[in-house]
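Summary of structural features
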Amino acid sequence: MRVVLGEDLALLRDGLIRILTAHEFEVVESADNGPSLLRALVTHRPDVAVVDVRLPPTFTDEGLRAAIDARAQVPGLPILVLSQYVEQLYARELLSDSGGGVGYLLKDRVSDVGQFIDAVRRVAGGGTAMDPEVISQLLTRPRAAEPLKQLTAREREVLELMAEGRSNAAIAGRLFVTEKAVGKHTNSIFTKLGLEMSEDDNRRVLAVLAYLNGE
Amino acid sequence: MANVDTPRPPGRFAQLALSVPLILAGLAGGVSLVLVVLGGLASILWVGVPLLVVFLAVARGLADLHRRWAGRMLGTPIPRPYKPPAKGMWRRARRIAGDSATWRDLTWLLCNATAGVFLVALQLVLFLGVLFYLVAIPIIWQTPAAHLFTQDLGITTIGPRHNAWLTGVEAAICLIIWFLVGKPLMRGHARMARGLLSPGKKARLALRVQQLTEQRTETVDSHAAEVRRIERDLHDGAQARLVALGMNLGLAEELLASDPETARKLLAEARASTGTALSELRDLVRGIHPPVLADRGLDGAIRALALGSALPVDVHIDLPGRPAAPVESAVYFAVAETLANTAKHAHAERAAVTITYAEGRMRVVVRDDGRGGARRGPGGGLHGITRRLAAFDGTVDVDSPVGGPTEVIMEVPCALSSARTSPSSGTD
């Protein structure tokens, strides 16, 4: 799979390239500033992009802007955004075009290589990968907190994992239950929250995220 | 929107009603001035001292009353210019005598007893003139012609009716004049009071120096405390974790050949430890300067704050540009603190943050529909905000009647840099 990388710190860039190449990704270009990242994304149209939020020249949210702009020009371009910190505001902006193929993770998560590679593959496949910290912030919002009280502890766990973007199979693996049991929990969650059920894993994820975002 | 700073100036009729007390106060001021002068002269013989003390106090009282009155008339409060009282009778007396504000007060007493009283009285007389002519109309109407000025002009004769009509016209003219000049006269009176009763240039500078000295001390202190806190957090947190991490890795390296299973455990532990260190560093950075503030300025940072708040917060921000980074940071933390207070104490359903900019001042209003009764106690959150913004000459007003709603109004004078484009996609 072809990857475009957007990261300005040489140390982290080399680490990411090493991890990605070791897992059979091909890094076609690695940009170290916003404008050249945008150019690389639009010209290469990679299978997936891994992008740091903060990039030169402004050292603000250059990378995020480049990602959003690139998705406006190439709809559905899968992008995984990495950052030293997560901000709900940015998660919303990334999810707002509802095209799928979006990820937003703390840089810490890269250290769990298996999980990280899984997230990159998921985003490349049009799925979603949201950082657990984004989800826990969303779950404590007052608008969401009230209806969530109807959920059982297990259903809440399933909801959290689902909101992070995991498939039913992955959730089943994490919670040591059968996929069928997860399906039952998912049904119950959707009924309790009044959401429309969908067969497609990612559509379900997006519905849950939209709900938690209060839209 | 209620504004606690400047109540509306009194209306035309309130001014009218107050003109009699104002005239009396002016005259009483004149008498006090005479007695102060007499007391001053007589204090050579000691007997004048009590006279001097009492009537200087009366003069200050009158001056304070007029400061309040003129402040309301002109819409801006007039600060008291006096130096703080000294300890000991002699020193106190010397300080009062040496205070230029005292001499300005006395000058004002003279001006107010003469020109001031004249201005107020003129306004009152104009209005009384209206009443006088109105009362005169029916009387003249019924007065027999013989008692009045009559004149045969050939074509017509001036009779009692004409006299009565004429009086009516005079009443109308008086009313118009009163209507036009009444308010300006009273404002003139207030302006004169402001000119003499507000701090003189020297007193203003002295006051400002005192204020700045206090603020500088506070700013330096709080900055030093902040740096100490950061040092301690780093020392006990991230630094200690990195040391432990190094030890774990070293141990794992040694055990790699002999006991790979334990080495694997140690490595997993080391990785978990980096996660904790990073999360601590993140919290620390948020407390120093939130990254989203650096990325998006006040607009984005306040929106992010609202998203993370425990209660729903409406955000309305209308800033034509970005203020300097220190101002942004101070305002951000002030709003964060206010919202945290609201969530903790106000029992509110909703809150709203409104930021606007006009005439070189940024105005931030944080409003909630809670139970009110918020106070600015020493060491409390509101007190901290006041101190934080004071470093920028900013002010904080709290309007929080018991039963709510609460409004915290912050104003900071600042310049804005030219507007920066910000992405509009989906921030709302």
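Reading guide: rules and limits
Residues numbered from 1 in each chain as written. Chains lettered and ligands numbered in written order. Predicted model: local features only at pLDDT ≥ 70, side-chain atom pairs only at ≥ 80, totals over all residues. Helix = DSSP H or I, 4+ residues; strand = E, 2+ residues; numbered from the N terminus. Rg over C-alpha atoms; globule rule 2.2 N^0.38 Å. Buried ≥ 20, exposed ≤ 12 C-beta atoms within 10 Å, placed from the backbone. Contact = placed C-beta atoms within 7 Å. Nonpolar A, V, L, I, M, F, W, Y, C, P; charged D, E, K, R; others polar. Axes fitted to C-alpha atoms, helices over the stretch in contact; angles between N-to-C directions. Parallel < 35°, antiparallel > 145°, perpendicular 65-115°, else oblique. Left-handed = near helix turned anticlockwise from the far one by under 90°. Pairing = 2+ DSSP bridges. Domains from an automatic or database assignment. pLDDT = per-residue confidence, 0-100. Core = buried A, V, L, I, M, F, W, Y, C linked by C-beta atoms within 7 Å.

Glancing now at the overall build of chain A. Helix and strand counts for chain A stand at 11 helices and six strands. Over its C-alpha atoms chain A spans a radius of gyration of 17 Å, differing by no more than 12% from the 17 Å that the globule rule assigns to 215 residues. Along the first, second and third principal axes, the C-alpha set of chain A runs to 50 × 30 × 25 Å. In chain A, which comprises 215 residues, the share counted as buried stands at 46%. When contacts within chain A are restricted to residue pairs at least 6 apart in sequence, long-range pairs at least 24 apart make up 63% of them.

Let us now look at the interface of chain A and chain B. Contacts between the two partners involve 17 residues from chain A, matched on the other side by 22 residues from chain B. Broken down by element, the residue count for the side of chain A that touches chain B peaks at four residues, all from helix α4 (residues 88-95) of chain A. Of the residues belonging to the side of chain A that touches chain B, the class tally is four nonpolar, six polar and seven charged.

Now for the packing of helix α8 (residues 153-163) of chain A against helix α9 (residues 168-175) of chain A. For any two helices packed against each other, the geometry is given by the interaxial angle and the distance between the axes. Residues and elements named next belong to chain A. Where α8 contacts α9, the two axes come as close as 10 Å, and the packing angle between them is 130°. Relative to α9, α8 is oriented oblique. Of the two elements, α8 crosses α9, and the hand of that crossing is right-handed. Contacts from Glu 157, Val 158, Leu 161 and Met 162 of α8 reach α9 at Ile 171, Arg 174 and Leu 175. When its residues are assigned to classes, the contact of α8 with α9 shows five nonpolar, no polar and two charged.

Another point: the sheet that holds strand β7 (residues 395-399) of chain B. All names here are of chain B. Reading across the sheet, the five strands line up as β3-β5-β6-β8-β7 and stay open at both edges, with mixed pairing between neighbours. At either end of the open sheet lies a strand with only one pairing partner, and these are β3 (313-317) and β7. In this sheet, neighbouring strand axes are inclined to one another by 10° on average, regardless of whether the strands run parallel or antiparallel. Packing of helix α9 (residues 325-346) onto the sheet brings it into contact with β3, β5 (351-358), β6 (361-368) and β8 (406-413), and relative to β6 it is tilted by some 15°. Of the strands in this sheet, β7 and β8 touch helix α10 (residues 381-390), which is tilted by about 150° from β7.

Interfaces are often sized by the accessible area lost when the parts come together. Residues and elements named next belong to chain A. When its domains are assigned, chain A resolves into domain 1 (2-130) and domain 2 (136-212). Each side of the interface is counted separately: domain 1 has 10 residues, and domain 2 has nine residues. Contributions of two or more residues to the side of domain 1 that touches domain 2 are made by α4 and β6 (128-130). Per element, the largest residue contribution to the side of domain 1 that touches domain 2 is three residues, and it comes from β6. When grouped by side-chain class, the residues that make up the side of domain 1 that touches domain 2 number three nonpolar, six polar and one charged.

In this section: the domain arrangement of chain B. Parsing chain B into structural domains produces domain 1 (12-197), domain 2 (210-288) and domain 3 (295-417). Look at where the C-alpha atoms of domain 2 of chain B and domain 3 of chain B centre, and you get two points 31 Å apart.

Residue and element names in this part refer to chain B. For chain B, per-residue confidence averages 85 on the pLDDT scale, and 92% of positions sit at 70 or higher. Within the model, the stretch residues 1-6 combines pLDDT values under 50 with seven contacts to residues more than four positions away or in other chains. Within the model, the stretch residues 421-428 combines pLDDT values under 50 with 14 contacts to residues more than four positions away or in other chains.

Formed by 96 residues in total, the largest nonpolar core has its most connected members in Ala49(A), Leu80(A), Val81(A), Tyr104(A), Val331(B) and Val335(B). Considering every element that reaches this core, the biggest residue donor is helix α8 (residues 291-308) of chain B, with nine residues. If near-sequence neighbours (up to four positions away) are discounted, Leu80(A) is found in contact with Val48(A), Ala49(A), Val50(A), Gly103(A), Leu105(A), Ala119(A), Val120(A), Val123(A) and Ala129(A). With 28 residues, the next largest nonpolar core counts Leu33(B), Ala59(B), Trp108(B) and Met186(B) among its residues.

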